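A closer look at the structure
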Amino acid sequence: MDDFICFFVDQDSGGEFNEENEKTKESATEEEVKEVSALKNALKYFDAEFFSAEKVLEMGKGARDFNVPIYRANRKLVASEDGGLHDPSVLVFNPEWSSRSSSDAKTSQNINKRFSCPSASGVQKPNLDKDVAFMNVFELGHLLKTKQTTSQELTEIFLRRMKKYDHALEAVISYTEELAFKQAKRADDLLNQGVYLGPLHGIPYGLKDTISVPQYKTTWGSKTFQNQVIDMEAWVYKRLKAAGAVLIAKLVTGSLAYDDIWFGGRTRNPWNIEEFSTGSSAGPAASTSAGLVPFAVGSETAGSMTYPAARCGVTAIRPTFGMVGRTGVMSLSESLDKLGPFCRSATDCALVLDAIRGKDPDDISSKNINLEDPFSIDISKLTVGYLEDAEMEVVNVLASKGVNVIPFKLDYTVDSVQGILNFTMDVDTLSHFDSWQRTGQDDVYEAQDQWPLELRRARMVPAVDYLQAQRARGKLIREIRESFTVDAFTGNATDWERVCMGNLVGMPVVVVPTGFKSIKNPPSGNIRRRTTITTGIYAPPQHDHVALALAIAYQSVTDHHKQRPPIDDLGPDDSVPNHPKANYPPRRWHP
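Residues numbered from 1 in each chain as written. Predicted model: local features only at pLDDT ≥ 70, side-chain atom pairs only at ≥ 80, totals over all residues. Heavy atoms only, no water.

1. So, the pattern of salt bridges
- Inspection of the entire model under this criterion finds 31 salt bridges.
- Of the charged contacts, one joins R529 and E274 as a salt bridge, the two residues approaching to 3.0 Å between their closest N and O atoms. Of the two residues, R529 is situated in the loop between β14 (509-517) and β15 (531-538) and E274 in strand β7 (residues 272-276); the sequence distance between them amounts to 255 residues. Residues R529 and E274 agree in their burial class; the two are buried.
- Where R357 meets D354, a salt bridge forms, and the shortest distance between an N and an O atom there is 2.9 Å.
- When salt bridges that share partners are traced, they join R75, D434, R438 and R459 into one network. (Salt bridge = Lys/Arg side-chain N within 4 Å of Asp/Glu carboxyl O. Helix = DSSP H or I, 4+ residues; strand = E, 2+ residues; numbered from the N terminus. Buried < 20%, exposed > 50% of the residue type's maximum accessible area, 1.4 Å probe, protein only.)

So, in structure tokens, the structure goes:
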């Protein structure tokens, strides 16, 4: 104990034993010495070991007497319910780049103007249901308008297919069959009355199960919440219902929107069922890829759309932050969460995004964003950069379409991008699942090396360092804005650094299938499994129309997005289900 008393005195006075120090030594009780030692030991985990013993005692008393009562009062007010559905933060992230607003004046009239849907002619209904299942939204809409099919018939086709293959993919959490046929009948009745609600009228679809629909479970993919019913119509569901779309299922989200493990299993990749889908929007990606739905809505905080879209070989857009309202959606990070569609083509992505974008009155982060019509953009006037890891077929096709393509590098000096993302996401998520952690429900989480590990670490992030991370994020945004000297760029969509950067900046990206390659270590025999190759087309925030226009142009002369995974025809030496062997580790923090 004498050593601790000397330490107590030395830290306070530089080691000079004067009369005042003797008084301090005498006044240092054994309890105080133990408290100083404990607090000093704890402060090293906050990189704050520079306080004297006297200041440490002062800090401990202030925390007990002042901080803790405030913690408890605030927790009682807003943290008793998990999921972030209530009492959102007033701190709002705005991704707008004012210096790139030159087109705002001419697009101000586009806030409430819908995109022009391309016209179709000569589309005939196939004889086989499996061929109908792989038609895109645009084609299915033509069949409905020309009375070659009905919404009720399409609903039956997709529900049958979903029930047939879900045992192999584990991509569905709940069927919404009764609701689906009710909505399909209404869509058919309206068409018979001459009322057409738009390109999604009568089209079946699925929602990631972080999105609430009254009377149906919204499980968040978690054992803890698997019987949860939220009596709230999510804003995105309202938008799709108003557009005449037909909800047939709630699709898998990884537990609490982390990776592809959920309380019922782990979702698989239709192109290679020995792989998992990756990313928490695993269900929407796998279901769209396998032809179980024409489109689905997922979400991304940090890779949850880009990774499964790339793995499952579908087209998807992670839109600008704030493009789509999030009321009724489980929240991880209020400055990172985004909703977007998984589709068969970029054209479909544009049609779905057009239906769900706009200001959500209950989501203060959402806004009416000026977008030009991607179907009307003259891409020959655009300059597109390509990164070192870009798929050159995309570059060459865009060049052949008149786009000015140039080598490009996105320069920034911020070297802690991945750490900023993790601080932001993990601390925000913990604020939405504080009660969940405090009551020990993390002990039954589906994957102990995922949220439980990260959120325990997040409990150790001081508020000041969280805010320093947001200041560093602001510096990153300024540097990206200055470096973004092209109209768009193309490159790998799943590079983790780029995923973190894009989400922190609020940047849109369209994930585009660009080909296939043989799988690694294939099983013996005649199989048809493949690994999909994809790329990302990135645009500045609030320029989603540019990325969409370029993706539409690329897909107009290629057919990678039209290929079907071997879920219907695996090959003579393959089988479904074939339990996955490959274990793909979850996202990790990289310094």
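And the narrative resumes.
2. Digging into the nonpolar core
- One finds L240, F295 and L550 to be the most contacted residues of the largest nonpolar core, which totals 145 residues.
- The dominant element in this core, judged by the number of residues it contributes, is helix α20 (residues 544-555), at nine residues.
- Looking at this core, you find at least three residues from each of domain 1 (33-86 + 414-474) and domain 2 (129-362 + 374-410 + 484-520 + 528-562).
- Among all residues touching F295, those that are not within four sequence positions of it are V137, L200, I203, P204, Y205, G206, L240, A245, T288, F342, C343 and V352. (Core = buried A, V, L, I, M, F, W, Y, C linked by side-chain atoms within 4.5 Å. Domains from an automatic or database assignment. Contact = heavy atoms within 4.5 Å.)

3. A short note on the pairing of strand β12 (residues 404-407)
- In terms of strand pairing, strand β11 (residues 383-386) meets β12 through four bridges, oriented parallel. Paired with T383 across the two strands is N404, which belongs to β12.
- Once you follow β11 into helix α14 (residues 392-400) and on to β12, the crossover reads as right-handed. (Pairing = 2+ DSSP bridges. Right-handed = clockwise from strand over helix to strand, strands pointing away.)

4. Here's the deal with the packing of helix α3 (residues 30-43) against helix α4 (residues 53-78)
- Following both chains from N to C, one finds α3 and α4 inclined at 85°, their axes separated by 9 Å at the closest point. By the criterion of interaxial angle, the relationship of α3 to α4 is roughly perpendicular. Here E32, E35, V36, L39, K40 and L43 of α3 come into contact with α4, specifically with A53, V56, L57, M59, G60 and R64.
- Considering only residue class, the contact of α3 with α4 consists of seven nonpolar, one polar and four charged. (Axes fitted to C-alpha atoms, helices over the stretch in contact; angles between N-to-C directions. Parallel < 35°, antiparallel > 145°, perpendicular 65-115°, else oblique. Nonpolar A, V, L, I, M, F, W, Y, C, P; charged D, E, K, R; others polar.)

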